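Given next are the chains, with one letter for each unit.
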Amino acid sequence: MKQGWSIKSFGDCIEKVKATTKLQSSLYKDSGTYPIVSQEKELISGYWDIKEDLFCHSTPLVVFGDHTMVVKYIDFDFVVGADGVKILMPKPFLLPKFFYYWVSSVQIQSRGYARHFRYLKETSVPIPSQSEQQRIVDILDAEFAKIDALKENAEKNLQNAKDLFQAVLRRELYSTYTQPLVDVCLGIVDCPHSTPKKSTKKTEYPCIRTSELGKGEILWSTMQYVDEDEYLKRIGRMIPQYEDIVYGREGTIGNAVLIPKEHNFCLGQRTTMFRPNKDIVDPKYLLYAILSPYVYDQAMMKNNGCGVAHVNVADIKQFRIPMKRTSAEQQRVVGVLDRLNTNCKILNENFLKTMILCDDLKQALLRKAFNGEL
């Protein structure tokens with residue numbers, strides 16, 4: 001710690017405050033008079049109209065998420081949202097923004113949805129003079145603004161690529177010629193309705209559930225595996241094979257993937273499998289068609305779930321698929337969409353790397369600031 005700085009326990013740095021009523025998340029409104037601040041990532045979680053529930057304060061303060069560890073700098077009156085919101089009012093010898101940056105610098109190991117404020121209370125706060133606090137705040141404000149601009153630019157580039165992909169998808173798949181899905185497939189089968197019995201070995205048979213269905217790619221991070229006996233029970237009337245399409249018909253409706261060559265897959269609950277008739281339709285073209293807004297809108301019109309979205313297999317079979325009449329034209333569309341999709345994946349990887357880099361840069365700056373090295 002820098003010479004001339006003092007240090008105080010966390011408890012000696014904050015005022016005791018009494019929060020107003022904590023509003024349950026089920027009551028949040030999309031619009032209203034007063035903003036709701038909760039422990040979630042977004043600065044404002046919703047709105048409320050009853051003035052008596054407003055938490056008023058004359059100086060800025062810090063909100064800490066007991067479960068989420070999200071830290072917020074709040075300079076406006078707000079309604080306290082749900083459980084887990086810790087209101088931290090710094091004492092007069094601490095500038096609120098300096099205190100916010102210090103709380104943001106504390107690294108607490110995540111314990112899931114357990115409470116984390118108790119670990120924050122065990123810390124000690126470095127206290128420079130207020131002029132030094134202001135100098136540090138000014139530097140961090142300026143540097144963080146540059147870092148946030150990098151993040152915003154990376155996010156904008158990714159969103160532009162996604163928007164372009166969707167625009168081209170709509171354009172290329174626009175067609176006055178459509179066919180029912182059942183007419184372009186050799187078979188459409190529902191999954192087994194039982195819950196797959198999980199194997200502890202990842203060398204056995206992967207089971208594609210709705211949680212593994214992305215928009216055109218398998219999400220391997222949550223993949224569940226089954227043993228041979230369970231696999232044989234689940235393959236049913238049509239053994240999944242290369243370039244079959246697995247479709248999510250319940251929950252997150254509309255996600256779909258092509259089955260790759262490398263594994264012998266079986267199906268989890270709430271999925272349906274299509275076998276494209278390759279004499280009529282290119283499997284990759286059919287996948288893009290199924291992922292298009294045109295087919296998704298049909299699925300939502302047939303949604304008959306109560307609480308959880310759900311589409312019947314009989315309705316899925318009648319989905320109208322926008323078609324190109326020749327194989328060459330279908331393959332041309334696939335080539336265009338594949339190139340754009342690859343670009344989206346590259347930009348998404350760059351975006352994720354940029355987010356990590358920016359967060360690391362912020363933590364490095366915070367460490368330097370509170371070690372007296374700025």
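Structure: see above.
1. Observations concerning the environment of Thr 33
At step 1: Here Thr 33 is to be found in the loop between strand 2 (14-15) and strand 3 (34-37).
At step 2: Residues Thr 33 and Phe 78 lie 45 residues apart in sequence; the distance between their C-alpha atoms is 10.0 Å.
At step 3: When neighbours within four sequence positions are excluded, Thr 33 is seen to be in contact with Trp 48 and Asp 49.

2. Points about the environment of Pro 206
At step 1: Relative to the helices and strands, Pro 206 resides in strand 13 (residues 205-208).
At step 2: For Pro 206, a relative accessible area of 1% translates into the label buried.
At step 3: Considered as a pair, Pro 206 and Thr 59 are 147 residues apart in the sequence and their alpha carbons are 56 Å apart.
At step 4: With sequence-adjacent residues up to four places away left out, Pro 206 is seen in contact with Trp 220, Met 223, Gln 224, Tyr 225, His 263, Asn 264, Phe 265 and Cys 266.

3. Notes on helix 6 (residues 293-301)
At step 1: Listing the buried residues of helix 6 in full gives Pro 293, Val 295, Gln 298 and Ala 299.
At step 2: The inward-facing, buried residues of helix 6 contact helix 3 (130-173), strand 15 (245-248), helix 5 (283-291) and strand 19 (320-322).

4. Observations concerning the packing of helix 1 (residues 96-105) against helix 8 (residues 327-370)
At step 1: Viewed as axis vectors pointing N to C, helix 1 and helix 8 meet at an angle of 115°, and their least axial separation amounts to 9 Å. Helix 8 is crossed by helix 1, and the crossing has left-handed handedness. Here helix 1 contributes Phe 98, Tyr 101, Trp 102, Ser 104 and Ser 105 to the contact with helix 8, which in turn contributes Gln 363, Leu 366 and Phe 370.

5. Things to note about the packing of aromatic side chains
At step 1: Counted according to the given criterion, the structure contains 15 aromatic pairs.
At step 2: Considering the side-chain rings of Phe 165 and Tyr 288, the 6.2 Å spacing of their centres and the 55° angle between planes classify their relative orientation as tilted. On the criterion of sequence distance, the pair formed by Phe 165 in helix 3 and Tyr 288 in helix 5 is long-range, its members being 123 residues apart.
At step 3: Since its relative accessible area comes to 4%, Tyr 288 is described here as buried.
At step 4: Among the aromatic residues, ring-to-ring pairing joins Phe 10, Phe 64, Phe 99, Trp 102 and Phe 117 into one connected group.

6. Focus: the nonpolar core
Looking at soluble globular proteins, one finds that nonpolar side chains tend to be buried together.
At step 1: One finds Leu 181, Tyr 247, Phe 274, Leu 286, Ile 290, Phe 319 and Ile 321 to be the most contacted residues of the largest nonpolar core, which totals 38 residues.
At step 2: Secondary structure elements with two or more residues in this core: helix 3, strand 12 (185-190), strand 15, strand 16 (256-258), helix 5, helix 6, helix 7 (313-317) and helix 8.
At step 3: In terms of residue count, the dominant contributor to this core is helix 5 (7 residues).
At step 4: When sequence neighbours within four positions are dropped, the list of residues in contact with Phe 274 reads Leu 181, Cys 185, Gly 187, Ile 188, Asp 244, Ile 245, Tyr 247, Ile 290 and Ile 316.
At step 5: Residues Cys 13, Leu 95, Tyr 119 and Cys 358 belong to the second largest nonpolar core, which totals 33 residues.

7. Some remarks on the pattern of salt bridges
At step 1: The tally for this structure, following the rule as stated, stands at 19 salt bridges.
At step 2: Glu 143 serves as the salt-bridge partner of Lys 146, at 3.4 Å between the closest nitrogen and oxygen. Taken as a pair, Lys 146 and Glu 143 lie in helix 3 at a separation of 3 residues, close to a single helical turn.
At step 3: Residue classification places Lys 146 among the exposed positions, given a relative accessible area of 53%.
At step 4: What you see here is one network of salt bridges that share partners, running through Arg 171, Glu 172, Glu 329 and Arg 332.

8. Side note on the side chain of Arg 275
At step 1: Mapped onto the elements, Arg 275 comes out in strand 18 (residues 271-276).
At step 2: Those residues in contact with Arg 275 that sit more than four places away from it in its chain are Cys 185, Leu 186, Gly 187, Met 238, Ile 239, Pro 240, Gln 241 and Asp 244.

9. Observations concerning the sheet that holds strand 3
Backbone-to-backbone hydrogen bonds pair the strands of a sheet. The strands run either parallel or antiparallel.
At step 1: The strand order across the open sheet formed by 4 strands is 4-3-8-5, and the pairing between neighbours is mixed. Every other strand in the sheet has two partners, leaving strand 4 (46-48) and strand 5 (54-55) as the edge strands with one partner each.
At step 2: The sheet contact formed by strand 3 and strand 4 spans 3 bridges and is antiparallel. Within strand 4, the residue paired with Pro 35 across the bridge is Tyr 47.

10. Observations regarding the layout of surface pockets
At step 1: By volume, the largest pocket is sized at about 1200 Å³.
At step 2: If you trace the largest pocket, you find 32 residues lining it, with Val 71, Tyr 100, Lys 151, Asp 359 and Lys 362 closest to the centre.
At step 3: Among the residues forming the lining of the largest pocket, the class breakdown is 17 nonpolar, 4 polar and 11 charged.
At step 4: The volume enclosed by the second largest pocket comes to roughly 640 Å³.
At step 5: Along the walls of the second largest pocket sit 22 residues, with Lys 215, Glu 217, Asn 341, Cys 344 and Lys 345 positioned nearest its centre.
At step 6: Counting residues per element, the ones that place at least two in the lining of the second largest pocket are helix 3, helix 5 and helix 8.
At step 7: Top contributing element to the lining of the second largest pocket by residue count: helix 8, with 8 residues.
At step 8: Residue classes in the lining of the second largest pocket are distributed as 9 nonpolar, 6 polar and 7 charged.

Analysis parameters
- Residues numbered from 1 in each chain as written.
- Predicted model: local features only at pLDDT ≥ 70, side-chain atom pairs only at ≥ 80, totals over all residues.
- Heavy atoms only, no water.
- Helix = DSSP H or I, 4+ residues; strand = E, 2+ residues; numbered from the N terminus.
- Contact = heavy atoms within 4.5 Å.
- Buried < 20%, exposed > 50% of the residue type's maximum accessible area, 1.4 Å probe, protein only.
- Axes fitted to C-alpha atoms, helices over the stretch in contact; angles between N-to-C directions.
- Left-handed = near helix turned anticlockwise from the far one by under 90°.
- Phe/Tyr/Trp six-rings, centres within 6.5 Å; stacked < 30°, edge-to-face > 60°.
- Core = buried A, V, L, I, M, F, W, Y, C linked by side-chain atoms within 4.5 Å.
- Salt bridge = Lys/Arg side-chain N within 4 Å of Asp/Glu carboxyl O.
- Pairing = 2+ DSSP bridges.
- 1 Å grid on protein atoms, 1.4 Å probe; cavity = no way out; pocket = protein on both sides within 12 Å on 5 of 7 lines; lining within 4 Å.
- Points joined across faces, edges and corners; volume = space filled by probe spheres on them.
- Nonpolar A, V, L, I, M, F, W, Y, C, P; charged D, E, K, R; others polar.

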